[in-house]
Amino acid sequence: MEHTGGGPEDAERAAGADEVLDRPLPEGVRRRVVTLVAEVFGGLTMAELPPQLRQYARFTPTRRARFAGNAMAAALESHPAFRRRVGELLAEAQPELAGALDAGAPPAAADPAEVAALAYVLRPAGWPKLVAAAGEEAQRARAEQAEEEAGREVRRLRQELAEARSAARAEADRARAELESARKEADVLHRKLRSAVSDVRRGEAALRKAAAELESVRAAGAAEKAAAESEARRLRARLTEAESALEASRRSVREGRSVEDMRLRLLLDTVLDAAQGLRRELALPPAAQRPADTVEAVEPGRMNPRDVATRALSDTDPALLDQLLALPQAHLVVDGYNVTKTGYPTLPLEKQRLRLLGGLAVLAAQTGAEMTCVFDGAELAAPVLLAPPRGVRVLFSKPGETADELIRRLVRAEPPGRPVVVVSADREVADGVARAGARPVASTLLLKRLART
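As the structure is a computational prediction, the values presented were derived from the model and not from experiment. (Residues numbered from 1 in each chain as written. Predicted model: local features only at pLDDT ≥ 70, side-chain atom pairs only at ≥ 80, totals over all residues. Heavy atoms only, no water.)

Asker: Please explain the sheet that holds strand β4 (residues 420-423) as it appears in this structure.
Answerer: Backbone-to-backbone hydrogen bonds join strands into a sheet, with any given pair of strands oriented parallel or antiparallel. The strand order β3-β2-β1-β4-β5 describes an open sheet built from five strands, whose pairing is parallel. The sheet terminates laterally at β3 (392-396) and β5 (439-441), the two strands that pair on one side only. In this sheet, neighbouring strand axes are inclined to one another by 20° on average, regardless of whether the strands run parallel or antiparallel. Pairing geometry for strand β1 (residues 331-335) and strand β2 (residues 370-375), over five bridges, is parallel. Across the sheet, the residue bridging to V334 is C373, located in β2. Relative to β2, helix α13 (residues 403-413) is tilted by about 155°, and along the sheet it contacts β1, β2, β3 and β4. (Pairing = 2+ DSSP bridges. Helix = DSSP H or I, 4+ residues; strand = E, 2+ residues; numbered from the N terminus. Axes fitted to C-alpha atoms, helices over the stretch in contact; angles between N-to-C directions. Contact = heavy atoms within 4.5 Å.)

Have a look at this one:
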């Protein structure tokens, strides 16, 4: 930009020496002025910089605008030479806009803040108006922005209000529905309450009636008790009289029995003397047999189950069972499930029974002994359809009875002296049959003997 008619100071005085701002520099224009000065700051020499700005010479434009903004704005006002030099650099950077400002016709499409900032630095004629116009434009922009923001806020508030009204209507509808439901429930509760009150009143009436009946029963009971006590006193009196009469009769009987005893004793002596005379007349020999001789038992020299136990055989030796079954009329009683659950517990109950009975049939054929196998009826879900093998009696205990009890009844049914052998690993069963005269043997002994068949 060229200046004619004298030096720069004269031109500035001629152009607008008397023009000043009548209001503070708008904030937007001030920020743009600081930015423009920070951008051209690097094109100045240290001599052209005011002393307070020289410390920022090595700063970047961004840091210079941040930390030296106030200092640069103050230097523009207090150092005209610094402002003119900055204006020259800005005119070189933006020649078209600077020329338009110098001609007094800034472009209509230019940014008002940019125009005002450049006018503030170049100070052409009428520059305060450009700055004021930029401030007014910025204010209008802020007002429009605020109005737009206010409009957006109003629309948002209206939307929120509509949503709140909709929510309020929904809440009111829900409250009305809940109120209606509560009313219905209250009606139901009222009806139930009236029914309960009616039931309570009927119960109270029934209670009063029962109390009256109880009182009547108590009165009748008291009368009956009094009558019973009176009757008891009468009966005790009669009992006392009967006891007195009985004692009197006993005394009279004792007195009469003394005479009868004497007569009976005389008759007995007569019979005894006659018997002795008859024995002498008949010359009867002394009796050679006594009643004890008629009782069946094992006499000395004969084998019985206890005698077999005295031989040198182990309790688990199968030969012991053979010797026991070789006794005359031996009877073998087997606790069935006790033996099968000892020998083959994994098999089903039906197969356990069939396996044991098959072995006992072979043993019965070999020894000729009587054999009875007892099973617990409580183990059965239904009656068993079973054809007992030849030579083996199969029994199940009755409901409410265990196999142990049935075995003890079988042992008690045998006559004293008969060899009875009971096979069971149950200690209680063994002790019980031993007390009854039978010989208990372990289940393992029978299992070993059956394994040989």
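Here the narrative resumes.
Asker: Sorry, what's going on with the nonpolar core here?
Answerer: Looking at soluble globular proteins, one finds that nonpolar side chains tend to be buried together. In terms of nonpolar packing, the biggest core is built from 34 residues, with V33, M72, F82 and V86 touching the most fellow members. Those elements giving two or more residues to this core turn out to be α2 (27-40), α4 (69-78), α5 (80-93), α6 (95-103), α7 (112-122) and α8 (127-282). Per-element tally for this core: the top contributor is α7, with eight residues. Beyond its immediate chain neighbours, meaning those up to four positions away, F82 contacts V37, L44, E48, L49, P50, L53, M72, A75 and L76. Listed in part, the 30 residues of the second largest apolar core include L324, Y337, V392 and V421. (Core = buried A, V, L, I, M, F, W, Y, C linked by side-chain atoms within 4.5 Å. Buried < 20%, exposed > 50% of the residue type's maximum accessible area, 1.4 Å probe, protein only.)

Asker: How should the packing of helix α12 (residues 349-367) against helix α15 (residues 443-451) be read in this particular structure?
Answerer: Each pair of packed helices gets described by two things: the angle between the helix axes and the distance between those axes. At their nearest, the axes of α12 and α15 sit 10 Å apart, and the two run at 75° to each other. Comparing the axis directions of α12 and α15 gives the class roughly perpendicular. Listed contacts from α15 to L356, G359, L360, L363 and Q366 of α12 are L446, R449 and L450. Residues belonging to the contact of α12 with α15 are distributed by class as follows: five nonpolar, two polar and one charged. (Parallel < 35°, antiparallel > 145°, perpendicular 65-115°, else oblique. Nonpolar A, V, L, I, M, F, W, Y, C, P; charged D, E, K, R; others polar.)

Asker: Please explain the pairing of β4 as it appears in this structure.
Answerer: Looking along a regular strand, one sees side chains alternate from face to face of the sheet. In β4, alternate side chains face the same way, and those of V420 and V422 on one face and V421 and V423 on the other are all buried. When β4 meets β5, the two strands line up parallel, connected through three bridges. Paired with V421 across the two strands is R439, which belongs to β5.

Asker: So what exactly am I meant to see when it comes to the environment of G432 here?
Answerer: Checked against the element boundaries, G432 lands in helix α14 (residues 427-435). Sequence spacing of G432 and I407 is 25 residues, and the spatial spacing of their C-alpha atoms is 9.7 Å.

Asker: How should the environment of L36 be read in this particular structure?
Answerer: Structurally, the position occupied by L36 is in helix α2. Separated by 85 residues in sequence, L36 and V121 place their C-alpha atoms 9.4 Å apart.

Asker: Would you mind going over the environment of L97 with me for this structure?
Answerer: With respect to the helices, strands and loops of the structure, L97 is situated in helix α6. Classification of L97 as buried rests on a relative accessible area of 11%. Taking the C-alpha atoms as reference points, L97 and E114, separated by 17 residues in sequence, lie 9.4 Å from one another. Beyond its immediate stretch of four places on either side in the chain, L97 contacts P107, E114, V115 and L118.

Asker: Please clarify how α12 should be interpreted in this entry.
Answerer: In an α-helix there are 3.6 residues to a turn, and that puts residues three or four apart on one side. Taking 1.5 Å of rise per residue, 19 residues should cover 27 Å, and α12 covers 27 Å from first to last C-alpha, within 8% of that figure. Within α12, the full set of buried residues consists of Q352, R353, L356, L357, G359, L360, A361, L363 and A364. Lining the buried residues of α12 we find α10 (318-325), β1, α11 (336-343), β2, β3 and α15. Immediately beyond the C-terminal end of α12, within one or two residues, lies G368, with a positive phi of roughly 75°. (Expected span 1.5 Å × (residues − 1).)

Asker: I tried to follow α7 on my own but got confused; where do I start?
Answerer: Within α7, nine of the eleven residues are buried, leaving the element largely enclosed by the surrounding structure. Taken together, the buried positions of α7 are E114, V115, A116, A117, L118, A119, Y120, V121 and L122. R123 lies just past α7 and shows a positive phi near 55°.

Asker: Can you help me understand the pattern of salt bridges in this one?
Answerer: Inspection of the entire model under this criterion finds 17 salt bridges. Notably, a salt bridge pairs E414 with R418, separated by 2.8 Å at the nearest N-O pair. When its relative accessible area of 16% is taken as the criterion, E414 is described as buried. Three or more residues are tied together by salt bridges with common partners; here these are E370, R393, E414 and R418. (Salt bridge = Lys/Arg side-chain N within 4 Å of Asp/Glu carboxyl O.)

Asker: I keep staring at the side chain of E414 and nothing clicks. Help me out?
Answerer: Along the chain, E414 turns up in the loop between α13 and β4. For E414, the side chain forms a polar contact with the side chain of H331, separated by 2.8 Å. In terms of polar contacts, E414 uses its side chain to reach the side chain of R418, at 2.8 Å. Not counting chain neighbours up to four residues away, the residues in contact with E414 comprise H331 and V420. (Polar contact = N/O pair within 3.5 Å; in protein donor to acceptor, adjacent residues only side chain to side chain.)

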